[in-house]
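# Fold and geometry: a report
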Amino acid sequence: MSEDKKKFETEAIRTQLERSNFLEHSTPLYLTSSFVFEDAEDMRASFTEEKARNIYSRFSNPNTSEFVEKICKMEGAENGYAFATGMAAVFSTFAALLNSGDHIVSARSVFGSTHTLFTTYFPKWNISTSYFNINEPETIESFITPKTKILYAESPTNPAIDIIDLEYLGAIAKKYNLILIIDNCFATPYLQQPIKFGAHLVIHSATKLIDGQGRVLGGVTVGRADLIRDIYLFSRNTGPALSPFNAWVLSKSLETLSVRVDKHCENALKVAEFLEGHSKINWVKYPFLKSHPQYNVAKKQMKLGGNIVAFEINGGLEAGRKFLNAIKMCSLSANLGDTRSIVTHPASTTHSKLSERDRLEVSITDGLVRVSVGLEHVDDIINDLKQALN
Ligand SMILES: *Cc1c(COP(=O)(O)O)cnc(C)c1O
């Protein structure tokens, strides 16, 4: 296999199913719930897994398999499983691997629904979580107990765009024999491959930059084969599978991931540079701006800075709301990683239920605005932000 390995862009395009008798060039959509067996022996062997083949689309389907194989190649993973949403991937991954009594050590700033899993649902099954501040990685070891099984983080974080050193996390996971899981959604496999730094599993919400056009939901977990085996068996029996149609859309999307993300990052850097020079902005956070506190770490582990820019408007909550109301072209929407630029104000929306103190623990100040920089012409994006600031 290894001598056949091609470059990232090529694998994204040329990783393809065998052609059917129609010799189609582009992989067709396999909308079928189940697959047929040759005879009783074929059926028996398939169910005992002596034979790798498609049985039922909750287990596998040609379209989901193609999508998973591409992500595995991009992330350098052994195997994977595709889910209906990013949250289905997050939940199923934890649920498959953890037992009652187990403990998670997680970064405090994780995606909102992931945080809700940790605080509201996992305690029902006697699974507890301790949180470290992403800007104090030296405290992580103090949270690890004999019951700790998983170390979990996202980088860059949402919405504050903090960066954590993945190599450092990899070393801690190794020292304490923990499973290191990274939600790599903000970086995409094009910009960052956590497995290189010691991660055992990588999760994506494919809904974001992987689809990249705001059309479908999807998720995927890839990594070490023995862990994926447990996740696969859990999922095959509990039913969070990605639909073949969405898998087909997402697999096509991966063919253009590198060119889209290159352009997203080019636009985002220009937007960040514009904001950094603006008098009404207190600070701007973008991984590839020299002013980012973890600039050197970002440079070490990311190819480019990503498409999300965080900044703080002078004037707090009211200034943030006013700014959103003055936006004309960019969308006010809960998604990110779309071709269309999206502006959000976390303190008054996604994180409004947290106290100000809890918000500050995850670097969300009242004037924080998050821009998911899209693929419109960068001059038009900057002009929209400029007129709204004025
Ligand atoms: C959106 C997102 C998720 C959840 O993905 P869905 O597809 O919306 O379920 C998980 N993690 C991160 C970092 C996200 O941005």
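Here we take up the overall build of the chain. Of regular secondary structure, the chain possesses 15 helices and 11 strands. Here the C-alpha atoms of the chain give a radius of gyration of 21 Å, agreeing with the 21 Å that 2.2 N^0.38 yields for 390 residues. A principal-axis box enclosing the C-alpha atoms of the chain has dimensions of 75 × 50 × 40 Å. Here the chain holds 390 residues, and the buried ones make up 54% of them.

Before going further, it helps to examine the site of the ligand. With respect to spatial proximity, the complete set of residues near the ligand consists of Thr-85, Gly-86, Met-87, Phe-111, Glu-154, Asp-183, Cys-185, Phe-186, Ser-205, Thr-207, Lys-208 and Gly-218. At a separation of 2.6 Å, a nitrogen atom of the ligand approaches a polar side-chain atom of Asp-183. Protein coverage of the free-state accessible area of the ligand, which is 380 Å², stands at 92%. Residue classes in the shell around the ligand are distributed as four nonpolar, five polar and three charged.

What follows covers the pairing of strand β3 (residues 128–132). Consecutive residues of a regular strand have side chains that alternate between opposite faces of the sheet. With four of five residues buried, β3 is to be regarded as a mostly interior element. Note: strand β2 (residues 103–107) against β3, five bridges, orientation parallel. Note that in β3 the partner of Ile-104 across the bridge is Thr-129. For the crossover from β2 across helix α5 (residues 112–121) to β3, the handedness is right-handed.

The final tally for this structure, using the stated rule, is 20 salt bridges. Among the salt bridges present, the one from Glu-255 reaches Lys-70, with a minimum N-O distance of 3.7 Å. With Glu-255 in helix α10 (residues 244–255) and Lys-70 in helix α3 (residues 62–75), the pair connects residues that are 185 residues apart, well separated along the chain. Lys-70 sits in the buried class, given a relative accessible area of 1%. With its nearest N and O atoms 3.6 Å apart, the salt bridge here joins Glu-266 to Lys-270. Taken together, the residues span about one helical turn, with Glu-266 and Lys-270 both in helix α11 (residues 257–276) at a distance of four residues.

The next subject is the sheet that holds strand β9 (residues 308–313). Spatial ordering of the open sheet is given by β8-β9-β11-β10, a layout of four strands whose pairing is antiparallel. One side of each edge strand has no neighbouring strand; the edge strands of this open sheet are β8 (281–285) and β10 (342–344). Going from strand to strand, the sheet's axes swing by 20° on average, the running direction of each strand aside. Summarising the sheet, β10 and strand β11 (residues 368–372) pair through three bridges and their orientation is antiparallel. In the strand pairing of β11, Val-343 is matched with Val-371. Lying over the sheet, helix α13 (residues 316–326) contacts β9, β10 and β11, oriented at roughly 125° with respect to β9.

Bringing unusual backbone geometry into the picture now. Omega for the bond connecting Ser-155 with Pro-156 falls within 30 degrees of zero, at -5°, which places this linkage in the cis form. Position of Pro-156 relative to the elements: it lies in the loop between β4 (148–154) and α7 (166–176). The omega torsion across Asn-158 and Pro-159 is -5°, close enough to zero to call that bond cis. One can find Pro-159 in the loop between β4 and α7. Notably, Asn-177 is not glycine yet its phi reads approximately 60°, a positive angle. Tracing the backbone through its elements, the reader meets Asn-177 in the loop between α7 and β5 (179–183). Notably, Ser-363 is not glycine yet its phi reads approximately 65°, a positive angle. Mapped onto the elements, Ser-363 comes out in the loop between α14 (356–361) and β11.

Cut-offs used in this document
Residues numbered from 1 in each chain as written. Predicted model: local features only at pLDDT ≥ 70, side-chain atom pairs only at ≥ 80, totals over all residues. Heavy atoms only, no water. Helix = DSSP H or I, 4+ residues; strand = E, 2+ residues; numbered from the N terminus. Rg over C-alpha atoms; globule rule 2.2 N^0.38 Å. Buried < 20%, exposed > 50% of the residue type's maximum accessible area, 1.4 Å probe, protein only. Near = heavy atom within 4 Å. Polar contact = N/O pair within 3.5 Å; in protein donor to acceptor, adjacent residues only side chain to side chain. Areas by Shrake-Rupley, 256 points an atom, 1.4 Å probe, with all protein chains shown as cover. Nonpolar A, V, L, I, M, F, W, Y, C, P; charged D, E, K, R; others polar. Pairing = 2+ DSSP bridges. Right-handed = clockwise from strand over helix to strand, strands pointing away. Salt bridge = Lys/Arg side-chain N within 4 Å of Asp/Glu carboxyl O. Axes fitted to C-alpha atoms, helices over the stretch in contact; angles between N-to-C directions. Contact = heavy atoms within 4.5 Å.

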